Amino acid sequence: YVDSGANLALSRAIVTANSAGSGGGLYNFGTLTATDTTFSNNAALDWGGGLYNDRRVMALERVTISGNTAGRDGAGIYNTGAGAALSLINATVSGNIATEDGGGIYTNRSMTITSSTIALNTSVAGADGIHVLGGGGATLKNTILYNPAGTNSNAVLNSVGNNLDSDGTAGL
C-alpha cells in the first residue's frame, strides 16, 4: 500500500501471489514508479488484481502484469478517481482474468500507453483488453491489442500512430 503523500519506486522487483480486497498486488494512493518489475498471480476480491491506482500517479516502464485476477473489474490494472494518471511504457499486460469488466485494464480516467502489448486477457462482462468508463480514455502509440476470444476495447481509443487492434473494437 502506497499511502497519500508517499512515493514508492520499484526497480527489478517481483510482486507475486498476494491478495487483498482491492489492489491484490499493490494499492496506490500516493506516487508509484515501477521499472523492470513484474506483478503476477495476485488476486483482488473486488478491483485491481495486479494494481489499483486510486486518484494518484502511477508510471510503469518495462513491466509485466500477468496472471492476476479480480472478482470485479480490472484484473491487471484498475485506474480510477479524479487526478488518477496512468502511464505504461514498454509494458506487457497479459493473461489477467476479471469476473466483470476489463480483464487487462479498467479505467475511468485518462491514461497513456506506449510501445506496449495488451493481450490474451479475459473478462466476463466487458472488454477483455481495455475497458473504458465515463470520463476515461486511453492514448496509444506503438501498441498491440490482441484478445482473440473477446474484445480489445469497449470504446474508441485515441491513436497517435503505429498501433495494432486485432478486432477493430478500439477504433485504431
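Each remark here, short or long, concerns the structure printed above.
Computed from a predicted model, the values in this text were never measured in an experiment. (Residues numbered from 1 in each chain as written. Predicted model: local features only at pLDDT ≥ 70, side-chain atom pairs only at ≥ 80, totals over all residues. Heavy atoms only, no water.)

**Describing the pairing of strand β21 (residues 137–141)**
In the case of a regular strand, side chains alternate between the two sheet surfaces.
Step number 1: Covered by surrounding structure in β21 are Ala138 and Leu140 only, the residues Gly137, Thr139 and Lys141 on the alternate face being uncovered.
Step number 2: Inspection of the sheet shows strand β17 (residues 110–114) paired to β21 by five bridges, in the parallel sense. Its bridge partner being in β21, Ile113 is matched across the sheet by Leu140.
Step number 3: As paired strands, β21 and strand β23 (residues 158–159) are joined by two bridges and run parallel to one another. Following the sheet pairing, Leu140 is matched in β23 by Ser159. (Buried < 20%, exposed > 50% of the residue type's maximum accessible area, 1.4 Å probe, protein only. Helix = DSSP H or I, 4+ residues; strand = E, 2+ residues; numbered from the N terminus. Pairing = 2+ DSSP bridges.)

**Regarding the sheet that holds strand β12 (residues 77–80)**
Step number 1: The sheet built from five strands is open, its strands ordered β4-β8-β12-β16-β20 with parallel pairing. The open sheet is flanked by β4 (26–28) and β20 (130–132), the only strands paired with a single partner. Ignoring strand direction, the axes of neighbouring strands in this sheet form an average angle of 10 degrees.
Step number 2: Bridge analysis of β12 against strand β16 (residues 105–107) gives three bridges, and the strand direction is parallel. The residue of β16 that forms the bridge with Tyr78 is Tyr106. (Axes fitted to C-alpha atoms, helices over the stretch in contact; angles between N-to-C directions.)

**Considerations on the pairing of strand β13 (residues 85–89)**
Step number 1: Burial along β13 is one-sided: the residues Leu86 and Leu88 are buried and none of Ala85, Ser87 and Ile89 is.
Step number 2: Sheet topology places strand β9 (residues 57–61) next to β13; five bridges connect them, and they run parallel. Within β13, the position partnered with Leu60 by the bridge is Leu88.
Step number 3: The pairing of β13 with β17 spans four bridges and is parallel. In the sheet register, Ser87 faces β17, and the bridge partner there is Thr112.

Taken by themselves, the reported measurements are silent on function.
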